[in-house]
Amino acid sequence: KSMKTIAITAVSAVAILATPVSAETKLRGASLFDEDHAYTRTLREFERLVGEKYDGDVSFDMSLNGELGDESDFVTFLQQGVAIDYAIMAPSNMATFAPSIPLMDMPFLFRDLEHWDTALASGVMAPLEAELLAKANIRVIGYAGGGVRNLASAEPIGNMDELTGHKMRVMGAPIQAQVFSAIKAAPSAIAYNEVYNAIQTGVIAGFENEAASIQNLKFYEVAPNITLTRHAITVRPLVMSESSFSALPADLQAAVLAAGAEAGAFGRKLESTQDGEKLQEMADAGQIKVQEFAGRDELLKLVIPVQDAYAAELGATELLEAIRSK
Ligand code: X1X
């Protein structure tokens, strides 16, 4: 062999050694909870399904127990395309970047579980998803949720008199504070990971949440009184940073979209089925005391004009009507 042929062969060998046969893609997720919570289980199902649907190499690394902060941190990471690639998010914790997204989970939007289910299956939320993608760089790939949100407080809150002036934490979207002000409470937006401490130290007297999270984060220790206002059935998009999504090969993108939709359905079934069971478990364990709210219909009457005004301000009156009429 000539010196030239030997040199070319050596260069090719180095090139082959330096190029991995198939590069592995690593996706990073985040959950506020441990492995038992419906969100974490839904995200694990998402990971499993992507692995099943994709022929290439993909691995997952999920931070648990709020190690990376709460959802107000996640939304910034997702928007910037740093630290995490996928998560389950409350729309009301994504308001900073997309002001109309909290319409999806505003209190008193759904009549019951059937309405919630029909609305989510209908694709009616598509304009809100489009705004989230355009303004926040975040892509909805499925819908989890299905927990019923109730009041949780240090002292019992059973009627309008007790609710009036009740100092409670709400999520960051302005519509959340507007709704709870309309029903005469005294809401303030506080980061989720500060709520336990804020109730313990008396800064607030309670908050509102669903059974799965009250149980998982032991909120019953400081807010053991549950009032069944049933003011929200959670809509929790499974989301991906668009920066991460758009960098994936086309066949992995297809696997992510299919897995997101299926994992969301898995999560909705899981959380909606577990919701009542978890309340019962906590009651049976003596961790919570549950009571009805006297006059829930009155709450609804106070809230409807607030929802209407919010939708009008966003130019989303037709969308709100479309959701209501599902
Ligand atoms: O109230 C919150 O900020 C949180 O409440 C529950 O843990 C979940 O619904 C979560 O998504 C977040 O909304």
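See above for the structure.
Let me begin by describing the structure that accompanies this report. (Residues numbered from 1 in each chain as written. Predicted model: local features only at pLDDT ≥ 70, side-chain atom pairs only at ≥ 80, totals over all residues. Heavy atoms only, no water.)

Things to note about the pairing of strand β2 (residues 58–63)
And then number 1: Taken together, the six bridges between strand β1 (residues 25–30) and β2 define a ladder with parallel strand orientation. Among the inter-strand pairings, K26 is bridged to a residue of β2, identified as S59.
And then number 2: For the handedness criterion, the β-α-β arrangement of β1, helix α2 (residues 38–53) and β2 is classed as right-handed. (Pairing = 2+ DSSP bridges. Helix = DSSP H or I, 4+ residues; strand = E, 2+ residues; numbered from the N terminus. Right-handed = clockwise from strand over helix to strand, strands pointing away.)

Things to note about the site of the ligand
And then number 1: Neighbouring the ligand are 13 residues; Y39, E71, R169, Y192 and E210 lie closest to it.
And then number 2: The side chain of R169 places a nitrogen or oxygen atom 2.7 Å from an oxygen atom of the ligand.
And then number 3: In the model, an oxygen atom of the ligand is placed 2.7 Å from a nitrogen or oxygen of the Y192 side chain.
And then number 4: Out of a free accessible area of 310 Å², the ligand has 100% covered by protein chains.
And then number 5: With respect to the detected pockets, the ligand is housed in the largest cavity. (Near = heavy atom within 4 Å. Polar contact = N/O pair within 3.5 Å; in protein donor to acceptor, adjacent residues only side chain to side chain. Areas by Shrake-Rupley, 256 points an atom, 1.4 Å probe, with all protein chains shown as cover. 1 Å grid on protein atoms, 1.4 Å probe; cavity = no way out; pocket = protein on both sides within 12 Å on 5 of 7 lines; lining within 4 Å. Sits in = over half its atoms within 2 Å of the grid points.)

Quick word on the packing of α2 against helix α11 (residues 250–284)
And then number 1: Look at α2 against α11: their axes get within 8 Å of each other, and the N-to-C directions meet at 150 degrees. By the angle between their axes, α2 is roughly antiparallel relative to α11. For the element pair α2 and α11, the recorded crossing hand is right-handed.
And then number 2: Considered class by class, the residues forming the contact of α2 with α11 number 13 nonpolar, five polar and five charged. (Axes fitted to C-alpha atoms, helices over the stretch in contact; angles between N-to-C directions. Parallel < 35°, antiparallel > 145°, perpendicular 65-115°, else oblique. Left-handed = near helix turned anticlockwise from the far one by under 90°. Nonpolar A, V, L, I, M, F, W, Y, C, P; charged D, E, K, R; others polar.)

What to know about empty space enclosed by the protein
And then number 1: A complete count under the given rule lists two cavities of 30 Å³ or more for this structure.
And then number 2: Its residues assigned to classes, the lining of the largest cavity shows six nonpolar, three polar and six charged.
And then number 3: By volume, the second largest cavity is sized at about 50 Å³.
And then number 4: In terms of residue count, strand β8 (residues 225–241) provides more of the lining of the second largest cavity than any other element does, five residues in total.
And then number 5: A class-by-class count of the residues in the lining of the second largest cavity yields four nonpolar, three polar and four charged. (Points joined across faces, edges and corners; volume = space filled by probe spheres on them.)

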